[in-house]
Amino acid sequence: MKFSLSLPILRDVDARDPFAETFELARIAEEVGFDTATIGHHHFMPGNLSDPLTFLAALAARTSTLRVGTGIFQLPIHNPVRVAEQVATIDQLSGGRVSLGVGSGWWPLEYQVHGSEFRERGARMEEALEILRLVWTETDTAYEGRFWTFPELTVHPRPVQDPHPPVWVAGVADPAVERAARLGDGWLCGPVQSLAKANSCLDVYRAACSAAGTTPAWILRRYAWVGTDRDQVVGEVLPAYVDGLMEHWRESVEDEVELELFRRIDAGEDVPATEIADGRLVYGTPDMAIAQIEHYAEATGCDHVHLAFGAGLPAGASDRAGLGAFADIAAMIRLVGAEVIPAFHQR
């Protein structure tokens, strides 16, 4: 079982190194056994990074074994040749430690401002994924498509990883999951989807991999809050955390299971935080977290779990899209590294 994590954006605008705490969390994660650290991507949204690839270059320079990646980068908005150059540069800087997690996002404004159409996001993703693979694996190559056309060229620098940096494709709609099977190196399961939805997506993904002749590989992403005091986590933190998550999920919810959950809440039903969290989060004490991850693994066959500690909240005016200060997140990373990860590495 591999474990990765999402890094929160902790920023002190008055400091000489404003992202020092985020970089320190990556160092701790590397020290305690996490495989990969990822950064998200949104434009015009407080608490998010508009340029995660530049940030990954800095993160790669501050680590030595930890893989660095995006989770996710909104590929259809941007020129894929330029993205290929940037990611290959990070691959060189890191000695072959970068992964590119991509998705389509949900906010039309980001497409509009960058000269794209939100309704064309699927087709743009198709072309962009084809172009990434093409320019990373071939030299003196040209492309003619609906959105992108370029004459014969060679992208420099060349990536270190062979045949290219892994590309993980997110999405829960059937076309997006099928696209991950055909054009990606793996599928990223969204952190808000229930276990039942994850399994239905996996059915689509595995069938699409079989049809495309590709090998299934996927990462289960879950929001998380882990601590030593069960009553404190379950009774105090979880209700507030789930309330914040639900507020943010409204902006992008698509699945009927989640839509039904919102209908129950909007009708006035008092849905317990634990009911919402079960099958969607990793929470509680280390023993509880181990049991939940074991359940996910048994139900889905996953061998890579990605944890986002306190993440997924609307940023508002706080410039933070998550719950918990540096000390809280650092303590959870150390706790999972000391008690949860070894439980799976010893098997």
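Residues numbered from 1 in each chain as written. Predicted model: local features only at pLDDT ≥ 70, side-chain atom pairs only at ≥ 80, totals over all residues. Heavy atoms only, no water.

Novice: I'd like a rundown of the overall build of the chain, residues and numbers included.
Specialist: Along the chain, the regular secondary structure elements total 12 helices and 11 strands. In summary, the chain has a C-alpha radius of gyration of 20 Å against a globular reference of 20 Å for 347 residues, a match within 12%. Its C-alpha atoms give the chain principal-axis dimensions of roughly 60 × 45 × 45 Å. Looking at the chain alone, contacts between residues at least 24 apart form 70% of all its contacts between residues at least 6 apart. Entry remark: accessible area of the chain is about 14700 Å², with carbon and sulfur atoms responsible for 49%. Across the chain, the mean location of the 28 positive side-chain charges is 3 Å away from that of the 49 negative side-chain charges. (Helix = DSSP H or I, 4+ residues; strand = E, 2+ residues; numbered from the N terminus. Rg over C-alpha atoms; globule rule 2.2 N^0.38 Å. Contact = heavy atoms within 4.5 Å. Areas by Shrake-Rupley, 256 points an atom, 1.4 Å probe, with all protein chains shown as cover. Lys, Arg positive; Asp, Glu negative; His and termini not counted. Charge placed at Lys NZ, Arg CZ, Asp CG, Glu CD.)

Novice: Any details on unusual backbone geometry? Residues and values, ideally.
Specialist: Following G71, the chain continues into I72 via a peptide bond in cis, with omega recorded as 5°. In this fold, I72 is placed in strand 3 (residues 67–74). A cis amide bond links H156 with the next residue in sequence, P157, at an omega value of 0°. Even without a glycine there, the phi angle at F44 is positive, about 60°. For F44, the location among the structural elements is in the loop between strand 2 (36–39) and helix 2 (52–61). By relative accessible area, F44 is classed as partly exposed at 46%. (Buried < 20%, exposed > 50% of the residue type's maximum accessible area, 1.4 Å probe, protein only.)

Novice: Quick rundown of the side chain of D91? Include the residues and the values.
Specialist: Within the secondary structure, D91 is located in helix 3 (residues 80–94). Despite its burial, D91 pairs with no opposite charge, the nearest such side chain being R67 at 5.8 Å. Those residues in contact with D91, other than ones at most four positions away along the chain, are G96, R97, V98, P159, V160, Q161 and P165. (Salt bridge = Lys/Arg side-chain N within 4 Å of Asp/Glu carboxyl O.)

Novice: Can you lay out the nonpolar core for me, pointing to particular residues and giving the numbers?
Specialist: Grouped together as the largest cluster of nonpolar side chains are 111 residues, with contacts concentrated most on F34, F309 and I333. No other element matches helix 12 (residues 326–345), which puts 10 residues into this core. Apart from the residues lying within four places of it in its own chain, the contact partners of F309 are L5, F34, A224, Y241, L323, I329, M332, I333 and V336. With 5 residues, the next largest nonpolar core counts I72, A170, L188 and I219 among its residues. (Core = buried A, V, L, I, M, F, W, Y, C linked by side-chain atoms within 4.5 Å.)

Novice: Let's hear about the environment of P8: which residues, and what values?
Specialist: Along the chain, P8 falls in the loop between strand 1 (2–6) and helix 1 (20–32). Separated by 57 residues in the primary sequence, P8 and T65 place their C-alpha atoms 20 Å from one another.

Novice: Give me helix 6 (residues 174–183): which residues, what numbers.
Specialist: Within the span of helix 6, buried status applies to A176, V177, R179, A180, A181 and L183. At its buried positions, helix 6 is contacted by helix 5 (121–137), strand 7 (167–170), strand 8 (186–189) and helix 7 (195–212).

Novice: Go over the pattern of salt bridges, please, and point to the residues and values.
Specialist: Taken as a whole and judged by the stated rule, the model has 13 salt bridges. A salt bridge links E126 to R179; the shortest N-O distance between them is 3.0 Å. Residue E126 is located in helix 5, and its partner R179 is located in helix 6; the two are separated by 53 residues in the primary sequence. The exposure class of E126 is buried, given its relative accessible area of 18%. Judged by its relative accessible area of 10%, R179 falls in the buried class. Close ionic contact of R263 with E260 constitutes a salt bridge, the shortest N to O distance being 3.0 Å. On the criterion of helical spacing, the pair formed by R263 and E260 is a turn pair, its members being 3 residues apart in helix 9 (residues 256–266). Connected through shared salt-bridge partners, E117, R119, E120, R124 and R146 make up one network.

Note that every value here comes from positions in space, so none of it alone points to a role or purpose.
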